[in-house]
Amino acid sequence: GNFWFVVFANFVNMIVCMLIGYTIAAIVPGEIGPGVVLPVFSTLNMLVSGFFVRFKTIPEIWTWFYDLSWIQWCWSAVMVNEFGDSVEFRDHCTPEGLNDMFVQLNIPPNQERAFRFWLRSQSTDGTECEPITGFSILNAFALDGRKRFQSVGYASAWIPVCFLLFYLGVTFIRHEKL
């Protein structure tokens, strides 16, 4: 993928995160309120971003939040940038790679034979290992069909919303104690 696009997507993510923090601080009065609301809001966004909990397993009631999550859009832009081309990973397909995996996992020989049999039964060409493709990675996270600049654009939609809410919060909500 393009390094400068990753920098750009992370810059947009950072700007949105800062604006959301400022907006919550402007809207929620007091010192403790924003310190409670912001971590809860950010954690919920992380959970529905599709990385910790994949989109296919997010409860139906939370799927609307997935579409609104700026973290999800920035992360999907980076994922499409990195894996959207026809990349293919074969490092794990070498005999050394598989043997190392079995040694590191400390799998007994009889289970290793069963696992190798299962690997051959799951592959399309009958070998113990299929290459991991960029498409299979994107498909696993329900990101196939996404476009990287469009995803950053959706994440950027938070910027004017946060500016407006920040302005309204600073203008109309009193933060000083009387």
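Residues numbered from 1 in each chain as written. Predicted model: local features only at pLDDT ≥ 70, side-chain atom pairs only at ≥ 80, totals over all residues. Heavy atoms only, no water.

So what exactly am I meant to see when it comes to the packing of aromatic side chains here?
For any pair of aromatic rings, the description consists of the separation of the ring centres together with the inter-plane angle of the planes. Under the defined criterion, the tally for this structure stands at 17 aromatic pairs. Each ring, one from phenylalanine 41 and one from tryptophan 70, has its centre 5.9 Å from the other, and the planes form 20 degrees; the classification is stacked. Remark: tryptophan 70 occurs in helix 4 (residues 70-83) and phenylalanine 41 occurs in helix 2 (residues 32-47); sequence separation between them is 29 residues. Judged by relative accessible area, which is 2%, tryptophan 70 ranks as buried. Three or more aromatic residues link up through ring pairs in this structure, and these residues are Phe41, Trp62, Trp64, Phe65, Trp70 and Trp158. Lying across the ring of phenylalanine 141, arginine 54 places its NZ or CZ 4.9 Å from the centre. (Phe/Tyr/Trp six-rings, centres within 6.5 Å; stacked < 30°, edge-to-face > 60°. Helix = DSSP H or I, 4+ residues; strand = E, 2+ residues; numbered from the N terminus. Buried < 20%, exposed > 50% of the residue type's maximum accessible area, 1.4 Å probe, protein only. Lys NZ or Arg CZ within 6 Å of the ring centre and 35° of its normal.)

Mind showing me how you'd approach the pattern of salt bridges here?
Side chains carrying opposite charge are able to pair once their charged atoms draw close together. With the rule as written, the count across this model stands at two salt bridges. Across the salt bridge formed by arginine 116 and glutamate 112, the nearest N and O atoms sit 3.1 Å from each other. Taken together, the residues span about one helical turn, with arginine 116 and glutamate 112 both in helix 6 (residues 109-122) at a distance of four residues. On the basis of relative accessibility, which here comes to 14%, the residue arginine 116 falls in the buried class. Its relative accessible area of 22% is what places glutamate 112 among the partly exposed residues. (Salt bridge = Lys/Arg side-chain N within 4 Å of Asp/Glu carboxyl O.)

Where do I start with the nonpolar core in this structure?
Soluble globular proteins: nonpolar side chains tend toward being buried together. Val12, Val16, Ile20, Trp70, Val152 and Trp158 are the most contacted members of the largest nonpolar core, which totals 18 residues. Elements with a minimum of two residues in this core: helix 1 (3-27), helix 4, helix 8 (148-156) and helix 9 (158-172). If one sorts the elements of this core by residue count, helix 1 sits on top with eight residues. Ranked by size, the runner-up nonpolar core spans 12 residues in total, among them Ile58, Phe65, Trp75 and Leu143. (Core = buried A, V, L, I, M, F, W, Y, C linked by side-chain atoms within 4.5 Å.)

Sorry if this is basic, but what is going on with the packing of helix 1 against helix 8 here?
Interhelical geometry of helix 1 versus helix 8 gives an angle of 15 degrees and a closest axis separation of 10 Å. In terms of orientation, helix 1 and helix 8 fall into the roughly parallel class. With respect to the hand of their crossing, helix 1 and helix 8 are arranged in left-handed fashion. Here helix 1 contributes Phe5, Phe8, Ala9, Val12 and Val16 to the contact with helix 8, which in turn contributes Arg148, Phe149, Val152, Ala155 and Ser156. Of the residues in the contact of helix 1 with helix 8, the class split is eight nonpolar, one polar and one charged. (Axes fitted to C-alpha atoms, helices over the stretch in contact; angles between N-to-C directions. Parallel < 35°, antiparallel > 145°, perpendicular 65-115°, else oblique. Left-handed = near helix turned anticlockwise from the far one by under 90°. Contact = heavy atoms within 4.5 Å. Nonpolar A, V, L, I, M, F, W, Y, C, P; charged D, E, K, R; others polar.)

Quick question: what am I supposed to make of the side chain of serine 76 here?
Following the sequence through the fold, serine 76 ends up in helix 4. Serine 76 gets classed as buried once you look at its relative accessible area, which sits at 0%. There is a polar contact of 3.2 Å between the side chain of serine 76 and the side chain of arginine 146. Here serine 151 takes part through its side chain, which lies 3.3 Å from a polar atom of the side chain of serine 76. If we skip the residues at most four places from it in the chain, serine 76 touches Leu143, Arg146 and Ser151. (Polar contact = N/O pair within 3.5 Å; in protein donor to acceptor, adjacent residues only side chain to side chain.)

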